[in-house]
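# A look at the structure
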Amino acid sequence: QNFNLFQIFSHSLKFKGNIMVKTIFFIIELIGVVAFAVSGAMKAIIKKLDILGVLVLAMFTALGGGLMRDIILGINPPNMFVNQEYYWFELTDILVAVIIFVWVYIRAKKGKKISDVNSNFLLNVTDAVGVAVFCVFGTKIAIEQGFSDKPVLLVFVGVISGVGGGMLRDILAGEIPAILRKYVYALPAFCGVILYILLLKIMPDLLAVIISVSFITAFRTLAIIFKWNLPSIKNLEISEEQKTDKK
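Residues numbered from 1 in each chain as written. Predicted model: local features only at pLDDT ≥ 70, side-chain atom pairs only at ≥ 80, totals over all residues. Heavy atoms only, no water.

## Notes on the overall build of the chain
Just so we agree on the cut-off: Runs of H or I in DSSP of at least four residues are treated as helices and runs of E of at least two as strands, each being numbered from the N terminus. Each residue's exposure class comes from its accessible area (1.4 Å probe, protein chains only) as a fraction of the maximum for that residue type: buried when under 20%, exposed when over 50%, partly exposed otherwise. Residue contacts are counted whenever heavy atoms from the two residues lie within 4.5 Å of one another. Accessible surface is estimated by sampling points in the Shrake-Rupley manner with a 1.4 Å probe; for residues, cover comes only from the protein chains shown.
Counting secondary structure elements, the chain contains nine helices and zero strands. Secondary structure elements of the chain occur, N-terminal to C-terminal, as α-α-α-α-α-α-α-α-α. In the chain, which comprises 247 residues, the proportion classed as buried is 40%. For the chain, the proportion of contacts with a sequence separation of at least 24, taken over those separated by at least 6, is 73%. Carbon and sulfur atoms provide 68% of the accessible area of the chain, an area that totals close to 14,500 Å².

## Describing the packing of aromatic side chains
Note the cut-off: When the centres of two rings from Phe, Tyr and Trp lie within 6.5 Å, Trp using its six-membered ring, the rings pair. Their planes under 30 degrees apart give stacked, over 60 give edge-to-face, and anything left gives tilted.
In total, this model carries eight aromatic pairs according to the counting rule given. A centroid spacing of 5.8 Å and a plane angle of 90° characterise the contact between Phe25 and Phe137, whose relative ring orientation is edge-to-face. Here the residue Phe25 occupies a position in helix α1 (residues 2–46), and Phe137 occupies one in helix α5 (residues 116–144), the gap between them amounting to 112 residues. An angle of 20° between the planes, with centres 6.1 Å apart, marks the rings of Phe101 and Tyr105 as stacked.

## Details of the packing of helix α7 (residues 186–199) against helix α8 (residues 205–226)
The following threshold applies: The convention used is that axes are lines fitted to C-alpha atoms, helices contributing only their stretch in contact, and that angles between N-to-C directions extend from 0 to 180 degrees. Roughly parallel means an angle under 35 degrees; roughly antiparallel, over 145; roughly perpendicular, 65 to 115; everything else is oblique. Each crossing is labelled by how the near helix is turned from the far one, with a counterclockwise turn of less than a right angle marking it left-handed and a clockwise turn marking it right-handed. Amino acids outside the nonpolar list (Ala, Val, Leu, Ile, Met, Phe, Trp, Tyr, Cys, Pro) and the charged list (Asp, Glu, Lys, Arg) are all regarded as polar, and Gly is one of them.
Interaxial distance between α7 and α8 falls to 9 Å at its minimum, and their mutual angle equals 160°. Between α7 and α8, the crossing angle belongs to the class labelled roughly antiparallel. The element α7 and its partner α8 pack so that their crossing is right-handed. Mapping the contact onto sequence places Leu187, Pro188, Ala189, Cys191, Gly192, Val193, Leu195, Tyr196 and Leu199 in α7 and Asp205, Ala208, Val209, Ile211, Ser212, Phe215, Ile216, Phe219 and Arg220 in α8. Grouping the constituent residues of the contact of α7 with α8 by class yields 14 nonpolar, two polar and two charged.

## Examining the environment of Val193
Within the secondary structure, Val193 is located in helix α7. Residue Val193 is classed as buried on the basis of its relative accessible area of 0%. Val193 sits 55 residues away from Gly138 along the chain, and the two C-alpha atoms are 9.1 Å apart. If near-sequence neighbours (up to four positions away) are discounted, Val193 is found in contact with Cys135, Thr139, Leu154, Val155, Gly158, Val159 and Ile216.

Listed below in structure tokens is the structure:
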């Protein structure tokens, strides 16, 4: 009887522990959604889009990477349409976008402006957090789908999950995606996904997630602050024939 009571107590603790871990995972994902929603909303506001444009960019930024991930992994229909957990993410995304829009709208009515430096820094930092969260969770979901023995797929899916939303945001805003031009955008995502895969071999999933998300966020934030960029050709002269071809 004592043994049975001990078993019941052990299972109870394990169950409570699993619930707590799942709750922490949910909170981390929610932080990523909020960060990407702010990033998308700020981009739309900088581009002077209306409230619908703000909502669309916030939604695509927060959920676009996950949509790409599910399509690649063959999850049909994608989680954002059928998973109740994602409904909370979508509601949060809409709420955050509306709050950002109303806040900026009220400030504009009062004649107060948000400086380009502050708005771009907020956009970039929240984007860094969103990329970090969804890179790691994209990889995590790929592993849960049974692809743990396919490291190339894991890295690809993880990076796409993290940067996909930002790519869609920039394309809809009429810009060249940031991943192709500034602040070593994809490199932290790539390194962070590999770090997560390696850490899973030596520590619990939750700790590996926290360390990997922190690593990507710190890497991207330092790149933004110190303006780290990959090499590019800045002083390329375009011939008159090439200019004519473009027209």
